Amino acid sequence: MAREIPEPVRAVAGLAATLLDEARKLPTTLPALPVRAIGLAMQTTLKLQQEYSGLVARGDEVLTGLRGDAEPGLATFDDEDAPAPAPAEGGLGSRASAFDRVPVDAEDSFDTDDAYPADAVEDVEDEPQTPCWWSTRPPRSATTT
């Protein structure tokens, strides 16, 4: 009996049954619908970007063939043409600091061995000690109320 019904009518009946089944599942799939829509939009966008990049690459090949150039748009490096400038002395990296241009005074320099002479250190034991808060506090009683 199914063979006597035309194929387009059977396809429409199958489509209607599928739509009915999906409509019954809609309350459970509705919360995930925005995530699925965003994912589909991102997937389509990435696919379009890949197609565009492919078309640009193919266009480069065609234009290269027409003009007879070797290869368009390749990066060139000039390492062998000119030597790199020598880094500046002092300072960090290749820039000199303004501190490097200031003359160094021998009295202010920390490079001497007598930067801290023994007679310049004061005796700290002669100064009175200030009591700490925990040393002046009365002891706790063993029982709590």
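The structure we're discussing is the one just above.
Sequence positions are assigned chain by chain, starting from 1 and proceeding in written order. For a predicted model such as this one, the threshold for reporting local features is a pLDDT of at least 70, and the threshold for listing and counting side-chain atom pairs is 80 or more; totals across whole chains, interfaces and linings nevertheless cover every residue. Processing note: side-chain calculations cover all non-hydrogen atoms of the structure and skip hydrogens and water entirely.

Peer 1: Is there a simple way to think about the overall build of the protein chain in this case?
Peer 2: Counting from the N terminus, the helices are the DSSP runs of H or I reaching at least four residues and the strands are the DSSP runs of E reaching at least two. A count of helices and strands for the protein chain gives two helices and zero strands. The buried share of the protein chain, reckoned over its 145 residues, is 1%. Entry remark: accessible area of the protein chain is about 14700 Å², with carbon and sulfur atoms responsible for 60%. A simple rule labels every residue: compare its accessible area, found with a 1.4 Å probe on the protein chains alone, to the largest value its type can have, and call it buried under 20%, exposed over 50%, or partly exposed in between. What sets the accessible areas is the Shrake-Rupley method with a 1.4 Å probe; for residues, cover comes only from the shown protein chains.

Peer 1: I would appreciate a short explanation of a nonpolar patch on the surface in the present structure.
Peer 2: Only residues whose relative accessible area exceeds 30% and that take part in no salt bridge are eligible for patches, with like-charged residues grouped when within 9 Å of each other and nonpolar side chains (Val, Leu, Ile, Met, Phe, Trp, Tyr) grouped when within 5 Å. Any carboxyl oxygen of Asp or Glu that lies within 4 Å of a side-chain nitrogen of Lys or Arg is treated as forming a salt bridge with it. Where nonpolar side chains cluster on the molecular surface, the patch consists of L26, L30 and L33 and spans about 270 Å² of accessible area. With respect to the helices and strands, L26 occurs in helix α1 (residues 7-29). According to the relative accessible area criterion, L26 is partly exposed, its value standing at 42%.

Peer 1: Just checking my understanding: could you explain α1 for this structure?
Peer 2: Residues that lie three or four places apart on an α-helix share one face, since the helix turns once every 3.6 residues. For a helix, the expected span equals 1.5 Å multiplied by the number of residues minus one. Taking 1.5 Å of rise per residue, the 23 residues of α1 would be expected to cover 33 Å, and the 31 Å separating its terminal C-alpha atoms lies within 8% of that figure. Values of bend correspond, residue by residue, to the angle between axes fitted over the seven residues ending at that residue and the seven starting there. A maximum bend of about 30 degrees is found in α1 at A23, where proline P27 lies one to four positions downstream.

Peer 1: Looking at this structure, how should I read the pattern of salt bridges?
Peer 2: Any two side chains of opposite charge can pair, on the condition that their charged atoms come close. Applying the stated criterion to the full structure yields two salt bridges. Across the salt bridge formed by E61 and R58, the nearest N and O atoms sit 3.3 Å from each other. Within this pair, E61 and its partner R58 are both found in helix α2 (residues 33-67), separated by three residues, close to a single helical turn. Accessibility assignment for this pair places E61 and R58 in one class, exposed.

Peer 1: Is there a simple way to explain α2 in this structure?
Peer 2: Its 35 residues give α2 an end-to-end C-alpha distance of 51 Å, which sits within 8% of 51 Å, the value for a rise of 1.5 Å per residue. Of the residues flanking the end of α2, it is G68, one or two places downstream, whose phi is positive at about 85 degrees.

Remember, this is a structural readout, not a statement about activity or role.
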